[in-house]
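# Descriptive structure summary
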Amino acid sequence: DYTYKESEQHSHTYTTSWSYQTSEDPFIAGAMSDVFVVPNFNVMFQEVTNVFWSNDVCDGETLDRISFSLDNPRNAPAVAFYTRWHVQNEKLPELKESYEYFNG
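Residues numbered from 1 in each chain as written. Predicted model: local features only at pLDDT ≥ 70, side-chain atom pairs only at ≥ 80, totals over all residues. Heavy atoms only, no water.

### A look at the overall build of the protein
Stated formally: Only DSSP runs of H or I covering at least 4 residues are called helices, and only runs of E covering at least 2 are called strands; the numbering of each starts at the N terminus. Relative accessibility thresholds used throughout: buried, under 20% of the residue-type maximum; exposed, over 50%; partly exposed, between the two (1.4 Å probe, protein chains only). What makes two residues a contact is simply this: any of their non-hydrogen atoms within 4.5 Å. Per-residue and other accessible areas were derived by the Shrake-Rupley procedure at a 1.4 Å probe size, with only the shown protein chains allowed to occlude residues.
Secondary structure summary: the protein contains 1 helix and 4 strands in total. Shown N-terminal to C-terminal, the secondary structure of the protein runs as helices and strands in the order β-β-β-β-α. The buried share of the protein, taken over its 104 residues, is 4%. Of the contacts formed within the protein by residues at least 6 apart in sequence, a portion of 64% connects residues at least 24 apart. Of the roughly 9300 Å² of accessible surface on the protein, a fraction of 52% belongs to carbon and sulfur atoms.

### A short note on the packing of aromatic side chains
Condition: Stacked, edge-to-face and tilted labels apply to pairs of Phe, Tyr and Trp rings (six-membered ring for Trp) whose centres lie within 6.5 Å, assigned for plane angles under 30 degrees, over 60, and everything in between, in that order.
A complete count under the given rule lists 2 aromatic pairs for this structure. Between Phe45 and Phe68, the aromatic rings sit 5.0 Å apart at their centres with planes inclined by 45°, giving tilted as the arrangement. Taken together, the residues Phe45 in strand β2 (residues 45–54) and Phe68 in strand β3 (residues 59–68) connect sequence positions 23 residues apart. A relative accessible area of 26% means that Phe68 is categorised as partly exposed. Residues Tyr101 and Phe102 carry aromatic rings whose centres are separated by 4.8 Å and whose planes lie at 85° to one another, so their mutual orientation is edge-to-face. Residue Phe102 is classed as exposed on the basis of its relative accessible area, which comes to 53%.

Structure follows, in structure tokens:
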């Protein structure tokens, strides 16, 4: 379980090398084929239900919330290569949908 503290800071450093060659095909050239190299750190989020139980009154309450841990071994650094087309037509709609889900 991770409790957010205002003073906590986390940083990550990525170093990568690659070579890239553009296509000679004029039909797939242009802005929509521009490639963005995106370093990221995948963090596992999960919905959890906390149960608060009182033995004094033999009753409990539940609280649903989103939880994550930066120490989870399933977290992993990664690098993604996205074309402008993929960012505009796939990633941005995914982010918008996630934002709307969590912010109603």
